[in-house]
Amino acid sequence: MQSFIDQWLPIFYEAIKDTFLMVAISLAFSVLIGIILAIILILTRPGQPLQNKFVYQFFNLLINVIRSIPFIILLFFMLPFTKFIVGTSIGVEGAIVPLVVNAAPYIARLIESSLLEVNQGVIEAYRAMGIKTHQIIWNVMLREARPAIVLALTIATISLIGATAMAGLVGAGGLGDLAYRFGHLRYETDVMYVTVILLIIIVQGIQSIGNRLAARMKKD
Amino acid sequence: MIKLENVTKVFPSKKGKDVTALDNVTISVNKGEIHGVIGYSGAGKSTLIRCVNLLETPSKGKVWIDGIDLTKLSKEKLRQTRQKVGMIFQHFNLLKTATVYDNIAIPLKLLGVPKSKIAERVVKYLEIVDLVEKKDSYPAQLSGGQKQRVAIARALSQEPQVLLSDEATSALDPETTNSILELLLKINAELGITILLITHEMNVIQKICDYVYVIENGNLIEQGSTIELFTKPQQSTTKKFLNTISQRKLSDRLVDELKLGGRVVRLTFLGENTGQPLLSKVTQQFYVEPNILSANIIELKNGIVGNLVVHLIGNDHQVEQSLSFLQEQGVEIEELGVN
């Protein structure tokens, strides 16, 4: 037992660090892009004050197209693009670009549906008060949708953790890569079990934090 | 103060059947008055009030507020003019995630009211709506009436000249409705705010309106001072609305039966007439025996209207004479059971 810990602790530590790094960085970029996409979709959708059929359909289609591609295919398909953007297609940096491309449209859809649930009457009340559209986006729509957005991002984070495991295929490291290389390829089942247990703990933890945060923000 | 001039609103429909929600409607609300628009759901009253602050752009016609034609304004100017027009809604439309205090303070902040003045204003208007002690509560912790009070305080805190009320009491129980109506009367009297409201409840009109518009299928079918409307309703829709206040209608069968031995009339008294014993005079002077079938009195904002349905028993000539006597005394007469 002791020897297992001594042997593997640094490796697990490194893997957990890589996983967190990939998730954190790609989540940050995806949320940023996702929120912007969601707001564009909300504002330009038919029936809204800034409705624009062309813009709405363009982004709508773009998101659908990207979301139709399985991540594993996206990962290889994007190799040249990744290399062009970050200068390398392997390692943590190499994984982040496809992770963002994969997660951003997903997050955009989740945030879009959170924003759609905001009471239209409140938005109308603020329009009637003569408040500017961009102020309404920040102070009414995003504010009122906060609990729903937090829950949506919890889901997105968990599926990002899943995606990082596949990113191991481009040498990105992380827990998934560890389980694949040692657990699967080298038949070290102990490593596989520990990885799975670690992942379960991480996912449970994130979901609990997300639920609690959303409950605290929700005032009804 | 508020004027809609020949406003028409057509909602285009894909199937080629355009819906005319408002058809050439003209209304004019004087400064400091309370005007009400009444109609059934789907009559177009919601569209009408939303045309006043251009939440709905009229297809044709002009919208004036305080001498400014809103339909000619740029987006930016329109946004600024809207700040002079407060609005309250059936479903209150408060931020769920903000306290009562913040629900009033956030719009003020966004509208550029100096920070130092915001707290003062929020408290001032919370005092007017009598909710200061709830300032740290969230909307979910309030009753419907309290939520509407917050919404009223939010509208007032922008110190508008005009308040639009979109079915503000329709989601409230009768008692709460009354307290909100009293609040509206108070802010009209004390702050001099002009109010235009829409409703499907005749008691809202009865209690607070100076002037009434009846709207049906997008058309303005009748209008007049509240007293005129309660004493001399012309359209059947108006009469139906009046029936919701007091049971004015007797069954045809009953009227037909009674007509065999005299005439059945509705007498509407107004103001000073309500105090005079006119019916006993009818008995003494014309030997007609009035049998009272129903009676009620309705208190309006600007007067009292009495309503009597009587069965006049006597010979034809005497009944005729007594009716012209009553008419001379300023009593409105409507004969029932005459087609």
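Quantities reported herein were computed from a predicted structural model and do not represent experimental measurements.

Draft legend 1. A look at the overall build of chain B. Of the regular secondary structure elements, chain B holds 12 helices and 14 strands. Viewed in the frame of its principal axes, chain B has a C-alpha envelope of about 80 × 50 × 35 Å. In chain B, buried positions account for 50% of the 339 residues. The contacts in chain B between residues at least 6 apart in sequence include a share of 69% that link residues at least 24 apart. Carbon and sulfur atoms provide 47% of the accessible area of chain B, an area that totals close to 15600 Å².

Draft legend 2. Looking closely at the UniProt feature "transmembrane region" (unreviewed entry) in chain A. In the numbering used here, UniProt assigns the "transmembrane region" (unreviewed entry) feature to residues 20-43, 55-78, 148-171 and 191-210 of chain A. Here residues 55-78 of chain A is 88% helix and 0% strand, with 25 Å between the C-alpha atoms at its ends.

Draft legend 3. Molecular detail of the side chain of Ser170 of chain B. Residue and element names in this part refer to chain B. When you line up the elements, Ser170 lands in the loop between strand E7 (162-166) and helix H6 (174-191). In terms of polar contacts, Ser170 uses its side chain to reach the side chain of Glu167, at 2.3 Å. The residues touching Ser170, leaving out its near neighbours within four places in the chain, are Gln90, His200 and Glu201.

Draft legend 4. The arrangement of the sheet that holds strand E11 (residues 263-270) of chain B in detail. Residues and elements named next belong to chain B. Judged by pairing direction, the sheet is antiparallel, and its four strands sit side by side in the order E12-E13-E11-E14 without closing on themselves. Every other strand in the sheet has two partners, leaving strand E12 (289-300) and strand E14 (332-335) as the edge strands with one partner each. Neighbour-to-neighbour, the strand axes of the sheet open up by a mean angle of 20 degrees, direction not taken into account.

Draft legend 5. Seen up close, helix H11 (residues 278-286) of chain B. Residues and elements named next belong to chain B. Along H11, the residues classified as buried are Leu278, Leu279, Val282 and Phe286. Along the axis of H11, the buried positions cluster into a sector of 105 degrees, meaning they face one direction only. The elements touched by buried residues of H11 are E11, E12, strand E13 (303-313) and helix H12 (316-328). Of the residues trailing H11, Tyr287 is marked for its positive phi of about 55 degrees.

Draft legend 6. The pairing of strand E1 (residues 2-11) of chain B, seen in detail. Residue and element names in this part refer to chain B. When E1 meets strand E4 (residues 60-65), the two strands line up antiparallel, connected through five bridges. Paired with Lys3 across the two strands is Trp64, which belongs to E4. For E1 and strand E2 (residues 19-29), the ladder comprises seven bridges, and the chain directions are antiparallel. From the neighbouring strand, Phe11 faces E2, where its bridge partner is Val19.

Draft legend 7. Representation of the interface of chain B and chain A in the model. Facing 25 residues of chain B, the contacting portion of chain A comprises 22 residues. Counting each side, the surface lost to burial between chain B and chain A is near 2200 Å², with a carbon and sulfur contribution of 55%. It is Leu95, Thr97 and Leu110 of chain B in chain B that bury the most area against chain A; as a group they hold 28% of the surface buried on that side. Between chain B and chain A we count one salt bridge in total. Glu124 of chain A is paired through a salt bridge with Arg50 of chain B; the nearest N and O atoms lie 2.5 Å apart. Residue assignment for the side of chain B that touches chain A shows that the elements contributing at least two residues are helix H2 (75-82), strand E6 (85-89) and helix H3 (100-110) of chain B. Of the residues forming the side of chain B that touches chain A, the biggest block, four residues, is contributed by H3 of chain B.

Calculation rules
Residues numbered from 1 in each chain as written. Chains lettered and ligands numbered in written order. Predicted model: local features only at pLDDT ≥ 70, side-chain atom pairs only at ≥ 80, totals over all residues. Heavy atoms only, no water. Helix = DSSP H or I, 4+ residues; strand = E, 2+ residues; numbered from the N terminus. Buried < 20%, exposed > 50% of the residue type's maximum accessible area, 1.4 Å probe, protein only. Contact = heavy atoms within 4.5 Å. Areas by Shrake-Rupley, 256 points an atom, 1.4 Å probe, with all protein chains shown as cover. UniProt positions renumbered as here; feature names shortened; annotations may be inferred. Polar contact = N/O pair within 3.5 Å; in protein donor to acceptor, adjacent residues only side chain to side chain. Pairing = 2+ DSSP bridges. Axes fitted to C-alpha atoms, helices over the stretch in contact; angles between N-to-C directions. Arc of directions from axis to C-beta. Buried area = accessible area lost by both parts, 1.4 Å probe. Salt bridge = Lys/Arg side-chain N within 4 Å of Asp/Glu carboxyl O.

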